[in-house]
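Understanding the architecture of this molecule
Chain by chain, the residues run as shown.
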Amino acid sequence: MRRYHLTTYGCQMNAHDSERIKGLLESSGLGEAASQDEADVIVFNTCTIREKADGRFLQNLMHARAQKARDPEKRIVVGGCWSESLKDELFAEYPFVDFAFGPGSIARLGDFLAPGGELPRGHFSTFDAFAGDLPMHRARPFSAWLQISMGCNSVCSYCIVPAVRGRERSRPLEDVLSEARRLADDGVSELTLLGQNVNSYGRDLPLTGRVSFAELLRRLDAVPGIDRIRFTSPHPKDMRADVIAAMAECPAVCEALHLPLQSGSTRILKAMRRTYSRERYLALVDRLRDAMPDVALTTDIIVGFPGETEDDFAATLDVYDTVGFDHAFTFIYSPRRGTEAAGMADQVPEPVKHERLERLVERVQAHARHRNARLVGSVQEVLVEGPSRTDPDTHRGRARSGKTVIFSPGAAVGAAVPVRVEAVTSQTLRGTVEAPVAVA
Ligand code: SAH
Ligand code: SF4
Ligand code: F3S
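In this report, we go over the structure that sits alongside the text. (Residues numbered from 1 in each chain as written. Chains lettered and ligands numbered in written order. Predicted model: local features only at pLDDT ≥ 70, side-chain atom pairs only at ≥ 80, totals over all residues. Heavy atoms only, no water.)

**Remarks on the site of ligand 3**
Looking at ligand 3, the residues that line it are Cys11, Asn14, Cys47, Thr48, Ile49, Cys81, Arg165 and Gln196. When grouped by side-chain class, the residues that make up the shell around ligand 3 number four nonpolar, three polar and one charged. (Near = heavy atom within 4 Å. Nonpolar A, V, L, I, M, F, W, Y, C, P; charged D, E, K, R; others polar.)

**Points about the pattern of salt bridges**
Oppositely charged side chains can pair when the atoms bearing their charge come close. By the definition in use, this model includes 33 salt bridges. Residue Arg336 pairs with Asp54 through a salt bridge whose shortest N-O separation is 2.8 Å. Remark: Asp54 occurs in helix α2 (residues 51-70) and Arg336 occurs in the loop between β14 (327-332) and α13 (350-373); sequence separation between them is 282 residues. Each member of the pair Arg336 and Asp54 is classed as buried. With its nearest N and O atoms 2.9 Å apart, the salt bridge here joins Arg400 to Glu255. With Arg400 in the loop between β16 (395-399) and β17 (404-408) and Glu255 in the loop between α9 (241-249) and β12 (256-258), this residue pair connects regions lying 145 residues apart in the sequence. Residue classification places Glu255 among the partly exposed positions, given a relative accessible area of 30%. (Salt bridge = Lys/Arg side-chain N within 4 Å of Asp/Glu carboxyl O. Helix = DSSP H or I, 4+ residues; strand = E, 2+ residues; numbered from the N terminus. Buried < 20%, exposed > 50% of the residue type's maximum accessible area, 1.4 Å probe, protein only.)

**Focus: the environment of Val319**
Structurally, Val319 can be placed in helix α12 (residues 310-323). Residues Val319 and Met1, 318 residues apart in the sequence, show an inter-C-alpha distance of 56 Å. Dropping the residues within four chain positions of it, Val319 is found in contact with Leu261, Gly264, Arg278 and Leu282. (Contact = heavy atoms within 4.5 Å.)

Okay, here's the thing in structure tokens:
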């Protein structure tokens, strides 16, 4: 049997695309190899969001080239956002690559893999269709990603995503609902809705079938068997009253929100083209907490955007303290080819960016510990994921807030159990299962 090895980089969108890529590879008769060395087909699903992502991947790609030099029968396939950013130039620079495709044309991989199906060279990058109907190899039985849109119509000046994922396209409501029902029938109880700008869902749908993101949440909430709904990433500009109401009123929608801030300085937000100010973001957080007092808020922050002064950075720290986020992903600004910000004059020196990141990370950890400490003594509903990675005598799972919970005694994987929180760190909650557990 021929075998493949797939390496995935980047965001949840890419991880989900990889489930389809694996599904296609396996339905074409390939088995999974434990390493690149043992694989006949070496596949990469790439990311290009920051320079670091490119670097990690290129190192691996060179390793694959060396393996192919020893064994010319090996095939090298490159999909994803980095691939899309280069298109046909990819073959000029990396002639040992056999097949390349972008995030919108995963299905083409199936044609390439078909017997005798080695396609002519060329980069496949047109948007074919949502991958929703392709075979899928899912990682966990009880939890699934569900893509509701792809692409992004925003023009954030630092971001390469619109260039590689294209204009925003929403999946028709019926497609989304029927996939949700299929997943529920298959034993899935937790859905994570995916889109680059998940809460602008629906605006591009034909008038007759148009629904808003808020309405979509309500429709998914009504699907029997779905007990938890999450989504990522929403844009603050589209976090309107109807979405907040749907979140608060739908029992399945989790009390958790990842709300990218990027910067706390209105001046920098403007240069980033984020379309909100510091005040509007803070007012939005107030409205969210009015509707959902215990909502867990997480965010993304970029330090060292061109022109960011010490005062701008202080404004970011200040918003961070005012909100008191549960957690944050923090990034050093990385200039990306073709983006507006890459051409801006006053790029911030690397040492300054690093120093700011360190100060921010300290703040993130302190708030995370503090936010978790508030939960000591509370009972959290935990969806059981399996034995803990570090201590096989304990189990791990996730609270509705998205926080990782370590607990004992064990319980059936996929069951939802009440856990009383006894201790916390900045990363996890620890506790004991409260009541006898119904085995799912
Ligand atoms: N669509 C999502 C996330 C896109 S990328 C959203 O709008 O929230 C994930 C995160 O990477 C972004 O939120 C941003 O914080 C960060 N990011 C994007 N481009 C970047 C760049 N050029 N340099 C550093 N961080 C970047
Ligand atoms: Fe990038 Fe902005 Fe679109 Fe997010 S909303 S993907 S940061 S352009
Ligand atoms: Fe990376 Fe593409 Fe996601 S650039 S972050 S894999 S959308």
